[in-house]
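Take a look at the letters that make up each chain.
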Amino acid sequence: MSKIRIATTSLAGCFGCHMSFLDMDERLVALLEHVEFNRSPFTDIKHCGPCDIGLIEGGVCNVENVHVLREFRDNCKILIAVGACAINGGVPAMRNHFNLRECLEEAYVNGVGVVNPQIPNDVELPLLLDKVHPIHDVVRVDYYLPGCPPSADAFLNILGDLLAGKEPSLPNNLLHYD
Amino acid sequence: MSADTKQNLITQNTITIDGQEIPFQAGQTIMDAALAAGVYIPHLCHRQGLTPHGSCKLCVVDIASRSASSHNSNRRLQAKFAVDADSRSASACTMPAVAGQQISNNTPALNEVRKTITQMLFIEGNHICPSCEKCGDCTLQAMAYHLGMLDGHFPQFFQHREVDASHPTIMLDRDRCILCELCVRASREVDGKNVFAIAGRGINAHLVVNSASGKLVDSDLETSDMAAHICPVGAILIKEHGYEVPIGQRTFDLHQVSEIGLEKIILTKARQPDE
Ligand code: SF4
Ligand code: SF4
Ligand code: FES
């Protein structure tokens, strides 16, 4: 049987969910009997090919996030919003109470210890969106895996269910938002 | 004794919740009777000893109509979550217990409705749990766990709400307020003050402080007041007491929201986080 293909990415997240995924430690070996990774920070593959499962960490804060997210949706049969930021914007969305200029000025002009104050402006930099969005504002999401981050057990649980062809269900002891 | 009178005696002072017969005393609500009998009906704005407010609607139950099956309402039948066309929904915390009531409480359909209500409470405010001091001790969060809520479902409002940090020892973060009025009632009915009120309607409803400046610092709220500790979410917090209990030992790391009598534990913890 061919392996289940998984792609992962971090949008406006902190990579904490990815680190937590790796907390599976030696259980990863058993998992890799059944799955292989396509586009992911784990593989450094830059573009997503056709996949069975896409794991999205982080919300959507800039134009590049939107492109990546759409690429994942176009290529993944099942898309999972992983972690607080993908699900409701999380900590990055705390900037939504301020306008973008205020945020940039606070960070790059008026911030403590800023040298050569200026707001970065380069064609290489993805344009920031006005607000940070949960990913379901942009694409259809099939499943949600809450947690900040979700534990390795929670990842194993949802992947285990999907590999077994079952509707994922998170047991109460693995359900938390922090 | 005829069968009829016997039946009367049995149903005289009892209601039935999910098939379980429960006694009640005159003047009790369905919620009072249920809690006294150790039956959990989900609730956020109810607290024993305070006047029921009936605002959160988590305690919604279905009460079978007496004339069951005589007239079906099509509208109810078509409703998305219609459970029983011959029942009506009511808030258990405000509905008086009446002898013979047949009540559905812990049903998949009602818990689905409750989950939707909880999702609305989340998306209407700004609930960034990972950065909230109340995380792990929060009844709203525990309710969401209890109901298996995985996401907010609806678009986030990202409302801008005012934080009041003026008071030297008490913090008011309206981002997390669910307008349950527990603080309003605790202040009036227990503390003998009148520190808080809800102003505005609908989406503009918000918690106000009854002081000339509208700021907490100019109110007579003190840390010893019940109103300073009763907030079920992280909207009213005691300053300099954040994150004192490690993950794994917080209230809802150790307890389920459905345990009866938890309010006392939470309140004690809020007052003496070190113990
Ligand atoms: S008040 Fe409760 S639900 Fe809201 S952010 Fe804090 S812990 Fe989460
Ligand atoms: S501040 Fe807390 S107790 Fe007061 S109404 Fe808001 S949520 Fe309820
Ligand atoms: S507990 Fe009954 S409406 Fe809130």
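Starting from 1, residues in each chain are numbered consecutively following that chain's sequence as written. The lettering of chains begins at A and the numbering of ligands begins at 1, in the order of writing. Local features in this predicted model are restricted to residues of pLDDT 70 or higher, and side-chain atom pairs are both shown and tallied only at a pLDDT of 80 or more, whereas totals for entire chains, interfaces and linings draw on every residue. As a rule here, side-chain values come from all non-hydrogen atoms in the structure, and water together with hydrogens is ignored.

## Structural notes on the overall build of chain A
Thought 1: Each helix and strand counted, chain A has six helices and seven strands in total.
Thought 2: Strands here are runs of E lasting at least two residues and helices are runs of H or I lasting at least four, both read from the DSSP assignment and numbered beginning at the N terminus. For chain A, the α and β elements follow one another from N to C terminus as β-α-α-β-β-β-α-β-α-α-β-β-α.
Thought 3: What the globule rule says is 2.2 Å times the number of residues to the power 0.38, and the radius of gyration is computed from C-alpha atoms. Relative to a compact globule of 178 residues, whose C-alpha radius of gyration would be 16 Å, chain A shows 17 Å and is just as compact.
Thought 4: Counting only C-alpha atoms and orienting by the principal axes, one finds that chain A spans roughly 55 × 35 × 30 Å.

## Considerations on the sheet that holds strand E7 (residues 170-173) of chain B
Residues and elements named next belong to chain B.
Thought 1: Only strands that DSSP links by at least two bridges are regarded as paired with each other. Spatially, the three strands line up as an open sheet ordered E6-E7-E10, and their pairing is antiparallel. What marks the edges here is a single partner per strand, and that holds for strand E6 (163-164) and strand E10 (236-238).
Thought 2: As defined by bridge partners, E6 adjoins E7 across two bridges and the pair is classed as antiparallel. Looking across to E7, one finds that Val163 is bridged to Asp173.

## Some details on the side chain of B:Asp175
Thought 1: Tracing the chain through its elements places B:Asp175 in the loop between E7 and helix H6 (182-190).
Thought 2: Burial classification: accessible surface area is computed with a 1.4 Å probe over protein chains only, and a residue below 20% of its type maximum counts as buried, one above 50% as exposed, and the rest as partly exposed. Lys and Arg are tallied as positive, Asp and Glu as negative. Neither His nor the chain termini are counted. What makes a salt bridge here is a side-chain nitrogen of Lys or Arg within 4 Å of a carboxyl oxygen of Asp or Glu, nothing more. One buried charged side chain, B:Asp175, makes no salt bridge at all; its nearest oppositely charged neighbour is B:Arg161, positioned 5.5 Å away.

## Quick look at the domain arrangement of chain B
Accessible area lost upon the coming together of the parts is a frequently used measure of interface size.
Residues and elements named next belong to chain B.
Thought 1: Note that domain bounds follow an automatic or database assignment of domains. By the assigned domains, chain B splits into domain 1 (3-106) and domain 2 (126-274).
Thought 2: Contacts between the two partners involve 17 residues from domain 1 and, on the opposite side, 20 residues from domain 2.
Thought 3: When two parts are brought into contact, each loses some accessible area as probed by a 1.4 Å sphere; the total of that loss over both is the buried area. Both sides of the domain 1 and domain 2 interface together cover about 1,500 Å² of buried area, and 64% of this is carbon and sulfur.
Thought 4: Considering only the side of domain 1, the residues that lose the most area to domain 2 are Tyr40, Leu44 and Arg47, jointly responsible for 46% of the buried surface there.
Thought 5: Between the two partners, domain 1 and domain 2, sit zero salt bridges.
Thought 6: Contacts described as polar in this section are N or O atom pairs within 3.5 Å, which, within protein, must combine one atom able to donate a hydrogen with one able to accept it, while residues neighboring in sequence count only if both atoms come from side chains. The interface formed by domain 1 and domain 2 contains six residue pairs in polar contact (both at pLDDT 80 or more). In what follows, a contact means two residues having at least one pair of non-hydrogen atoms within 4.5 Å.

## A short note on the confidence of the model for chain B
Thought 1: For every residue, the predictor assigns a confidence score, pLDDT, that lies between 0 and 100. The predicted model of chain B averages 89 in pLDDT, with 86% of residues at 70 or higher.
Thought 2: This model gives residues 68-83 of chain B a pLDDT under 50, and the stretch forms 19 contacts once residues within four places in sequence are excluded.

## Section: the site of ligand 1
Thought 1: Distances are taken per atom, and a residue is near a molecule or strand as soon as one of its heavy atoms is within 4 Å of it. As a matter of local geometry, ligand 1 sits amid B:Phe122, B:His127, B:Ile128, B:Cys129, B:Cys132, B:Cys135, B:Cys138, B:Leu140, B:Gln141, B:Arg176, B:Val233 and B:Gly234.
Thought 2: Broken down by class, the residue content of the shell around ligand 1 amounts to eight nonpolar, three polar and one charged. When residues are sorted by character, Ala, Val, Leu, Ile, Met, Phe, Trp, Tyr, Cys and Pro go into the nonpolar class, Asp, Glu, Lys and Arg into the charged class, and all the rest, Gly among them, into the polar class.

## Observations regarding a nonpolar patch on the surface
Residues and elements named next belong to chain A.
Thought 1: Patches here are clusters of residues that have more than 30% relative accessible area and form no salt bridge, with a 9 Å joining cutoff for like charges and a 5 Å cutoff for nonpolar side chains (Val, Leu, Ile, Met, Phe, Trp, Tyr). In these tables, accessible area is a Shrake-Rupley quantity obtained with a 1.4 Å probe, and a residue counts as shielded only by the protein chains included in the view. Residues Met19, Leu22 and Phe42 make up a contiguous nonpolar surface patch of roughly 260 Å² in combined accessible area.
Thought 2: Among the secondary structure elements, Phe42 is positioned in the loop between strand E2 (35-37) and strand E3 (51-57).
Thought 3: Judged by its relative accessible area of 31%, Phe42 is partly exposed.

## Looking at H6(B)
All names here are of chain B.
Thought 1: For H6, the complete set of buried residues consists of Leu182, Cys183, Val184, Arg185, Ala186 and Ser187.
Thought 2: Where H6 is buried, its residues meet strand E8 (196-199), strand E9 (206-209) and E10.
Thought 3: Among the residues trailing H6, Gly192 stands out with phi positive, at a value near 70°.

## Topic: the sheet that holds strand E1 (residues 4-10) of chain A
All names here are of chain A.
Thought 1: With parallel pairing, the five strands of this open sheet are ordered in space as E2-E1-E3-E5-E7. The open sheet has two edge strands with one neighbour each: E2 and strand E7 (143-145). Averaged over all pairs of adjacent strands, the angle between strand axes in this sheet comes to 30°, irrespective of strand direction.
Thought 2: Orientation is described by axes fitted as lines to C-alpha atoms, over the contacting stretch for helices, and by angles from 0 to 180 degrees between their N-to-C directions. Packing of helix H3 (residues 63-75) onto the sheet brings it into contact with E1, E3 and strand E5 (76-82), and relative to E5 it is tilted by some 135°.
Thought 3: Strand contacts of helix H6 (residues 152-163): E1, E2, E3, E5 and E7, with the helix running at about 155° to E7, the strand carrying the most contacts.

## Focus on the interface of chain B and chain A
Thought 1: Tallying the contact residues gives 25 residues for chain B and 21 residues for chain A.
Thought 2: Buried area between chain B and chain A, both sides added, is near 1,900 Å², and the carbon and sulfur share of it is 61%.
Thought 3: In this structure, the connection of chain B to chain A is made through one salt bridge.
Thought 4: In this structure, the connection of chain B to chain A is made through seven residue pairs in polar contact (both at pLDDT 80 or more).
Thought 5: With three residues, the single largest contributor to the side of chain B that touches chain A is helix H5 (residues 139-146) of chain B.
Thought 6: Of the residues that constitute the side of chain B that touches chain A, the class distribution is 12 nonpolar, 10 polar and three charged.

## Some remarks on the pairing of E8(B)
Residues and elements named next belong to chain B.
Thought 1: Here E8 runs beside E9; their pairing, made up of four bridges, is antiparallel. Directly across from Ile198, in E9, lies its bridge partner Leu207.
Thought 2: Here E8 folds back onto E9 in antiparallel fashion, the turn holding six residues, of which Gly200 has a positive phi close to 80°.

## Concerning the pattern of salt bridges
Thought 1: In this structure the tally under the stated criterion is 18 salt bridges over all chains.
Thought 2: Note that B:Glu133 and B:Arg176 form a salt bridge whose closest N and O atoms lie 3.2 Å from each other. Of this pair, B:Glu133 sits in the loop between helix H4 (108-124) and H5 while B:Arg176 is found in the loop between E7 and H6, placing the two residues 43 residues apart along the sequence.
Thought 3: For B:Glu133, a relative accessible area of 33% corresponds to the partly exposed category.
Thought 4: The residue B:Asp253 makes a salt bridge to B:Arg250 at a minimum N-O spacing of 2.8 Å.
Thought 5: Through salt bridges with shared partners, a single ionic network connects A:Arg73, A:Arg140 and A:Asp142.

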